[in-house]
Amino acid sequence: MTPEHTPVPAPRRGRALRARPGRPPWILVLPALAGAAFLVLPLAGLLVRAPWSTMGSRVTEPEVLAALWLSLSTATAATLLSLLLGVPLAWLLARTDFPGRRLVRALVTVPLVIPPVVGGVALLLVLGRNGLLGRYLDAWFGVTLPFTPAAVVLAQMFVAMPFLVISVEGALRGADRRYEEAAATLGASRVTVFVRVTLPLVLPGIGAGAVLCWARALGEFGATITFAGNFPGTTQTMPLAVYVAMQHDPEAAIVLSLVLLLVCLAVLATLRERWTNA
Amino acid sequence: MAPTDELPAAPEPALDARLCLDRGDFNLDVELRARPGEILALLGPNGAGKSSALRALAGLVPLTDGHVRVDGRDETATPVERRPIGMVFQDYLLFPHMSALDNVAFGPRCQGLSRPRARERAAGLLAHMGLSEHVRSRPRGLSGGQAQRVALARALAVRPRLLLLDEPMAALDASTRIDVRARLRHLLEEFDGATVLVTHDPLDAMVLADRVAVIESGRTVQQGPPAEVARRPRTAYVARLVGLNLFRGTAEGTTVTLEAAGNGGPGGSGGPARVEAHEAHHGPALVAFPPRAVALYPRRPHGSPRNVWRLRVEGIERFGDQVRVHLAGRPSLAADISPAALAELGLTRGDEVWAGVKAAEVECYPG
C-alpha cells in the first residue's frame, strides 16, 4: 500500500482490493505445526546424532552392505510378485461381480490391520516345515521356506500387497469405464481391453500402489523376524539390522537408519519424477 | 403411438431393429429401420431413451426383448466385440495414451491385422479426413472437430455395417459447430451402411439426417424426413423444437375445431376455438403454424386474416431480432412480432389483444 495522505480513500492497490481470504484459525494452525514438528524432529535428531566422522568407513562395512542389498532385493522382488498377483486381484474386485466379492475384499485387507508379528506366526503355521502346506512342500519338493530369503519376500508380500491391491482397485474404480466400452465396440476382447486400455489408463494408480507396497516391504519387521528369522546375510534386512545394532552399538543403528532413510528418499524422488512426467 | 409413416420399402433394410428395455422405472420400446446409406437421427429430450437405444444397438446393454438385424443378419445375441458396428461416443473417448494413428489402428489390430497393415489402413482413413498432419498427435492435442474426425475414422476403421454416433456435436463449442457439422455430413454420406445418430439438437437432426425418429419417454412418437417433421410436428415437444404453434382437433373440411386445452382461457366466446386451414380434412387433425405468421391488432381486424381470436398477453420475451408474445386464451399460442410493432401496440402482461393468422399459413394434417 502507498503511504500517501490523500483524504479520499481512492481505489487502493494491492491487498485492499482483494477479498480477504481470512487468516487460518489458530485452533487448526497450532496442532498442525505440532504435528509437522513431531514428524520432522526425530529425523532431524538422526542427522544431529550421526557419527559423521566415521560415516564413510561404517557405511561400507560388509554387514551393512549385505543387509542393504538384501533389503533392496527382497523388497523389489516382493513388489514385483505383488504386482503380478495384486493387479489381477484388484481387477477382479473392481470389475467383476461374483458371490462373496465383498467378503474377499474384506479378507484381502486384513493384513493391513493385524500386527505383522501375527502375520509372521500365521505364515509359519501354513508354510513352516510342519505347516499346513509347508509339510507337503518339504515332503514332495524338498523345499523349506522359513528362515530363507524367500521367506523374507513372502513375509513382505503378505504385509505389503494389500496396499497395492487397495490402491489399484481404487484407480480402477475411478477410471472411466466408457473407454473400455469404446475398445469393446472396436472388437477388443476383455484381455485386450485390460492390457491395451485399462492398464495404461490406471498406470499412475498402479505406480502409486507399487511405491506404497515397496516402501512397506522395505520397512517390514515383525512378520520377517517371525517367519524368516534374523540371520545376517540371508534374512537380516535393514530394519532387523537396525534393531540388533541398537542393542550394543547405537551409533551403528543411527548409520543404518540414515542409509535406509536416504535410499527411501532417493527412490521415492526418482519414481515421483517419472510418474508425474508420464 | 403415432403411425410410422414412410418406412422404407426396400426388401432388405440395412438395419432392422426392435429394441425393448425394461429397467423398472424406465421402459423403452422402439422400432428402427434404415436403408443402406441412410442416416437416421434419434431426436428427443434428455432421458427419453435415445442413448439407451443406441447402446442397445451396440450391444453394450442387453435387450429385454426385440431383435437387431444388420444387413439381414441377426446380431441380437452377438457380443459387442463381434458386432459389425462402429461407434462414435459422446466425448469421442479417444484413448489418451495413444496417438491418433494408433487410436484408429486399434480396431483393425483387434480384428487380427498385422501392425503395419492396420497402421496403413488408419493412415489412409486419417488422410481422407484431412488429418495427415495429426497422425502422431495425442488426443489432447487435437481440437474438438479434429477429435471428432479421429473418432469417426476409428469407428470406420473396423469396416462396420452399422455406424452409431452418440451426440456427435455435443462436445464442440458453438463457434465451430457449423463447419464441423457440414464436414461430418459430408463424411457420413460416403458410408454405405446404415447410420444411426442420437441428438437432442433439432438442427443436428435436420442437417445430418435423411430421416428423423423422435423419441419421447421410450417411444417413437414421430418418424419421417426432417422437412416433414419440421413442417408437421406431431407432439408438443417436436413443435417446440421446430418452433411451431401446434394444436390437436377435429377437422370438418377446412375448419378444425380444437380440443379444449386447459379448459379455455378468458376472452374466449364460450365455445371451443376454431381454426381455418387451407387444406380440407375430415376427422382427427393436427394444426400447425409458425409464430411469425401471427399478426396482432389492438382492435378486431377486418379483411384478410381468416382466423381471428381475442387473447390475453401472458408474457413477452426477446426472440432473436423479434419479440415473442405468449398469448393465453382459446387457443393459447405464441406470436413473433417486431419490436416496433410491440411499441406501437403498447402491450404489457395482462392486456387483451386480437390475434390473426391467414388460413394459407396454417398446416392441417391427420392427427
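Residues numbered from 1 in each chain as written. Chains lettered and ligands numbered in written order. Predicted model: local features only at pLDDT ≥ 70, side-chain atom pairs only at ≥ 80, totals over all residues.

Moving on to the overall build of chain B. If you tally the helices and strands in chain B, you get 9 helices and 18 strands. Taken along its principal axes, the extent of the C-alpha atoms in chain B is 80 × 40 × 35 Å. Long-range pairs, those at least 24 residues apart, make up 68% of the contacts in chain B between residues at least 6 apart in sequence. (Helix = DSSP H or I, 4+ residues; strand = E, 2+ residues; numbered from the N terminus. Contact = placed C-beta atoms within 7 Å.)

Looking only at helices and strands, one finds 14 helices and 0 strands in chain A. Along its sequence from the N terminus, chain A presents helices and strands in the succession α-α-α-α-α-α-α-α-α-α-α-α-α-α. Structurally, chain A occupies a C-alpha span of about 95 × 65 × 30 Å along its principal axes. In chain A, which comprises 278 residues, the share counted as buried stands at 33%. Counting contacts in chain A only where the partners sit at least 6 residues apart, residues at least 24 apart contribute 74% of the total. (Buried ≥ 20, exposed ≤ 12 C-beta atoms within 10 Å, placed from the backbone.)

Let us look at the interface of chain A and chain B. Counting from both sides, the interface comprises 13 residues of chain A and, opposite them, 16 residues of chain B. Secondary structure elements with two or more residues in the side of chain A that touches chain B: α9 (178-185) and α10 (190-201) of chain A. Here the side of chain A that touches chain B takes 6 residues from α9 of chain A, the largest share from any one element. Taken together, the residues of the side of chain A that touches chain B break down into 7 nonpolar, 4 polar and 2 charged. (Nonpolar A, V, L, I, M, F, W, Y, C, P; charged D, E, K, R; others polar.)

Residues and elements named next belong to chain B. The 3 strands are arranged β11-β12-β18 in an open sheet whose pairing can be described as antiparallel. Each edge of the open sheet is held by one strand with a lone partner, namely β11 (245-258) and β18 (363-366). Put simply, the sheet's adjacent strands are angled 40° from each other on average, direction ignored. (Pairing = 2+ DSSP bridges. Axes fitted to C-alpha atoms, helices over the stretch in contact; angles between N-to-C directions.)

Residues and elements named next belong to chain B. Here chain B is described as being made up of domain 1 (15-237) and domain 2 (243-366). Each partner contributes to the interface: domain 1 provides 5 residues, whereas domain 2 provides 6 residues. Class assignment for the residues of the side of domain 1 that touches domain 2 results in 2 nonpolar, no polar and 3 charged. (Domains from an automatic or database assignment.)

The subject of this paragraph is unusual backbone geometry. All names here are of chain B. With an omega of -5°, the peptide bond between Arg330 and Pro331 qualifies as cis. One non-glycine residue, Leu93, adopts positive backbone phi at about 50°. With respect to the element layout, Leu93 can be found in the loop between β6 (85-88) and α2 (100-110). Look at Glu167: it is not a glycine, yet its phi comes out positive at around 45°. Position of Glu167 among the secondary structure elements: in the loop between β7 (162-166) and α5 (174-189). Look at Glu167 and you get partly exposed, because 19 C-beta atoms sit within 10 Å.

What follows concerns the packing of helix α3 (residues 62-95) of chain A against helix α11 (residues 203-218) of chain A. Residue and element names in this part refer to chain A. Two elements in contact, α3 and α11, have axes separated by 9 Å at closest approach and are oriented at 140°. Between α3 and α11, the angle is such that the two are oblique. As α3 packs across α11, the resulting crossing turns out to be right-handed. From α3, Ser71, Ala75, Thr76, Ala78, Thr79, Ser82, Leu83 and Val87 reach across to α11, where they touch Ile206, Ala210, Cys213, Trp214, Ala217 and Leu218. Class assignment for the residues of the contact of α3 with α11 results in 10 nonpolar, 4 polar and no charged. (Parallel < 35°, antiparallel > 145°, perpendicular 65-115°, else oblique. Left-handed = near helix turned anticlockwise from the far one by under 90°.)

Moving on, we get to the environment of Arg185 of chain B. As for its placement among the helices and strands, Arg185 of chain B is situated in helix α5. Other than its neighbours up to four places away in sequence, Arg185 of chain B contacts Val207 and Leu208 of chain B.

A few words on the packing of helix α8 (residues 149-174) of chain A against α11 of chain A. A pair of packed helices is captured by two measures, namely the crossing angle of their axes and the spacing between those axes. Residue and element names in this part refer to chain A. Where α8 contacts α11, the axes come no closer than 8 Å and their chain directions differ by 160°. Taken together, the axes of α8 and α11 lie roughly antiparallel to each other. With respect to the hand of their crossing, α8 and α11 are arranged in right-handed fashion. Here α8 contributes Gln156, Val159, Ala160, Met161, Phe163, Leu164, Ser167, Val168, Gly170 and Ala171 to the contact with α11, which in turn contributes Gly205, Ile206, Ala208, Gly209, Ala210, Leu212, Cys213, Arg216 and Ala217.

Across a sheet, paired strands are connected by hydrogen bonds in the backbone, their directions being either parallel or antiparallel. Residues and elements named next belong to chain B. Read across the open sheet, the 5 strands follow the order β13-β17-β14-β15-β16; overall the sheet is antiparallel. Edge positions in the open sheet fall to β13 (295-297) and β16 (333-337), since each of these has one partner strand only. Each neighbouring strand pair of the sheet contributes to a mean axis angle of 50°, computed without reference to strand direction. Across 3 bridges, β13 lies against strand β17 (residues 352-357) in antiparallel orientation. Note that in β17 the partner of Tyr297 across the bridge is Trp354.

On to the confidence of the model for chain B, then. All names here are of chain B. Scored by pLDDT, chain B comes out at a mean of 87, with 93% of its residues at no less than 70. The secondary-structure element of chain B with the lowest mean pLDDT is α5, recorded at 86, while α2 shows the highest, at 95. Across the assembled chains, the prediction reports ipTM 0.80 with pTM 0.79. (pLDDT = per-residue confidence, 0-100.)

Residues and elements named next belong to chain B. Where strand β14 (residues 307-319) meets strand β15 (residues 322-328), 7 bridges bridge the pair, whose relative direction is antiparallel. Looking at β15, one finds that Val313 is bridged to Leu327. Connecting β14 to the next strand, β15, in antiparallel fashion are 2 residues, including Gly320 with a positive phi near 65°. When β15 meets β16, the two strands line up antiparallel, connected through 5 bridges. For Leu327, the partnering residue across the bridge sits in β16 and is Leu333. Taking the residues between adjacent antiparallel strands as the criterion, β15 and β16 are bridged by 4 residues, where Gly329 takes a positive phi near 150°.

All names here are of chain B. By the element assignment, Arg177 lies in helix α5. Exposure remark for Arg177: the 19 C-beta atoms within 10 Å place this residue in the partly exposed category. Once the C-alpha coordinates of Arg177 and His281 are considered, the two residues, 104 residues apart in sequence, prove to be 41 Å apart. Not counting residues up to four positions away in its chain, the partners in contact with Arg177 are Met169 and Leu172.

All names here are of chain A. The first and last C-alpha atoms of α8 sit 37 Å apart over 26 residues, in line with the 38 Å expected at 1.5 Å per residue. Where α8 bends most, the angle comes to about 40°, and this point is Ala160, followed within four residues by the proline Pro162. Along α8, 20 of the 26 residues are buried, which leaves the element largely enclosed by surrounding structure. (Expected span 1.5 Å × (residues − 1). Bend = angle between axes of the 7 residues up to and from the residue.)

Turning our attention to the environment of Asp74 of chain B. Considering the arrangement of structural elements, one finds Asp74 of chain B in strand β5 (residues 73-74). Beyond its immediate sequence surroundings of up to four residues, Asp74 of chain B is in contact with His67 and Arg69 of chain B.

Now for the pairing of strand β10 (residues 219-224) of chain B. Two faces belong to every sheet, and in a regular strand the side chains alternate between them. Residues and elements named next belong to chain B. Where strand β9 (residues 211-216) meets β10, 5 bridges bridge the pair, whose relative direction is antiparallel. Bridge assignment links Val212 to a residue of β10, and that residue is Gly224. Linking β9 back to β10 in an antiparallel pair, the connection comprises 2 residues, with Ser217 at a positive phi of about 50°.

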